[in-house]
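Letter by letter, the chains look like this.
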Amino acid sequence: MLTFQNIALLDVLIAAIVLGGLGYVRRFALPRPPVGHSTASDVLIMTCLVVVMPVAYLALPGPAVSAVFGVLFLAGTQMTLAPLLGGRWATLGSLLLVAADVAAAFAGLGGAVLVLNALLIAVAVIGVTSLWAQTGMKAGHVAAFATVLAVYDLFATGLGDLTDRFLAQVVGRPFAPLLAVTDGSAPVAAGLGDCLMLALWPLVATKAYGKVAGWIGAAVGVGLIVLVEIGFVTGLLRSGMAFLTVLGPAILIQYVIWRRLRGTERRTHEWLGLPASGVDTSGRVERLAGSLRAARAAETGVPAGTWVAVAGDDRVVGHGPTPGTALRAARRAGYEGAPFVKQV
């Protein structure tokens, strides 16, 4: 049922994902994929996949679609949790979440499926968007991607029935690409694509133009979805409106404004406070590996398996048995920045 309580809960979940991404991206380094850093061609490929994949999914039976998204959520969750828990524990935790979602679906526990799906979506979205930001995705790329998605969503959702037919195939199943707070044939939910764009733009805006741009981007995105949902409840808008047709232009407008105000966007190494020479600005794995080697040389008393917090100038500013204790040790030592956290 579409009520103010339900949409308030959905808005809280979306805000938590956006804020979680902003907090995660500068504290934890994700392994860079073998494809290298994000380029315009990568964005073009992602756009093509977004357009083609829903059509392909409609040709598959529902269980097969669930299996595809289950693999995607498993990979995304493991990637996100690895810097927090370590690779083995992250893999185990991800497998348990995925298995629990399947078990809840077979047991007919609709509420548990909603909670587990939401948790998987939140963790995977935070990790994927952080990876895109860390691998050098530019604000211009995101603005172009959002604009194309706005046009696509207008035809697929606003004017056509492609999205409705796809949702009818996945609603109620495990790993449905919906951040939903109610079940049934017309759930109160936000699509996975909506969540990705809501979380991605603030991260890339922060990298490109600073914290103010990121916070404004987060506020605009969450504010827009609140306004749209209020429109649904009051009857001013019809349920099922294509939200990306609103969010896409908003992202494009912000990009144009920030580009006029700030000029060329910052490079990844500038965002991270690194020197330009001799640094691979497309990711942070190489930099972090060097930091850890320095940590082993400088911290001879730190045993293997210890978590270390590494500052922007490669100093080890805290360490402990868990990521949290390493961060707390850095704060107690007076470090006020956002260090990377990695296991030695």
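Each chain has its residues counted from 1, running along the sequence as written. pLDDT decides what is reported in this predicted model: residues at 70 or higher carry local features, side-chain atom pairs at 80 or more are listed and counted, and totals for whole chains, interfaces and linings draw on all residues regardless. Think of the side-chain values as coming from all heavy atoms in the structure, minus any hydrogens and water.

Quick look at the environment of Gln254 now. Labels follow the DSSP assignment, with helices taken as runs of H or I lasting at least four residues and strands as runs of E lasting at least two, numbered in each case from the N terminus. Looking at the element boundaries, Gln254 is found in helix H10 (residues 244-262). Along the chain, Gln254 and Val220 lie 34 residues apart, while their C-alpha atoms are 9.4 Å from each other. Contact criterion: two residues are considered in contact whenever any of their non-hydrogen atoms come within 4.5 Å of each other. With residues up to four places along the chain from it excluded, the contact list for Gln254 reads Trp201, Ile216, Gly217 and Val220.

Here we come to unusual backbone geometry. Positive phi is not limited to glycine here, since Phe175 has a value of about 65°. Mapped onto the secondary structure, Phe175 falls in the loop between helix H7 (162-170) and strand S1 (178-180).

One less than the number of residues in a helix, times 1.5 Å, gives the span that helix is expected to have. The end-to-end C-alpha separation of helix H3 (residues 62-85) is 33 Å, in line with the 34 Å expected for 24 residues at 1.5 Å each. Here the term buried applies to any residue with accessible area under 20% of the maximum for its type, exposed to any over 50%, and partly exposed to those in between, with areas from a 1.4 Å probe on protein chains only. When we look at burial in H3, the residues that qualify are Gly62, Val65, Ser66, Phe69, Gly70, Phe73, Gly76, Thr77, Met79, Thr80, Leu81 and Pro83. Gly86 sits one or two residues past H3 and shows a positive phi near 95°.

The next point concerns the environment of Ala104. Position of Ala104 among the secondary structure elements: in helix H4 (residues 87-106). Sequence-wise, Ala104 and Leu116 are 12 residues apart; in three dimensions their C-alpha atoms are separated by 8.8 Å. In this view, Ala104 contacts Leu109, Ala112, Val113 and Leu116; residues no more than four positions away in its chain are not counted.

Bringing the packing of H3 against H7 into the picture now. Axes, fitted as lines to C-alpha atoms, cover a helix only where it is in contact. Angles between the N-to-C directions of the axes lie from 0 to 180 degrees. At a minimum axis separation of 9 Å, H3 and H7 run at an interaxial angle of 90°. With respect to H7, the axis of H3 lies roughly perpendicular. Contacts between H3 and H7 involve Gly62, Val65 and Phe69 from the former and Phe166, Gln169 and Val170 from the latter. Residue composition of the contact of H3 with H7, grouped by class: 4 nonpolar, 2 polar and no charged. Put simply, angles under 35 degrees are roughly parallel, angles over 145 are roughly antiparallel, angles from 65 to 115 are roughly perpendicular, and the rest are oblique. Here the term charged refers only to Asp, Glu, Lys and Arg, the term nonpolar to Ala, Val, Leu, Ile, Met, Phe, Trp, Tyr, Cys and Pro, and the term polar to all other amino acids, Gly among them.

Note that all results are geometric; they support no functional claim without further evidence.
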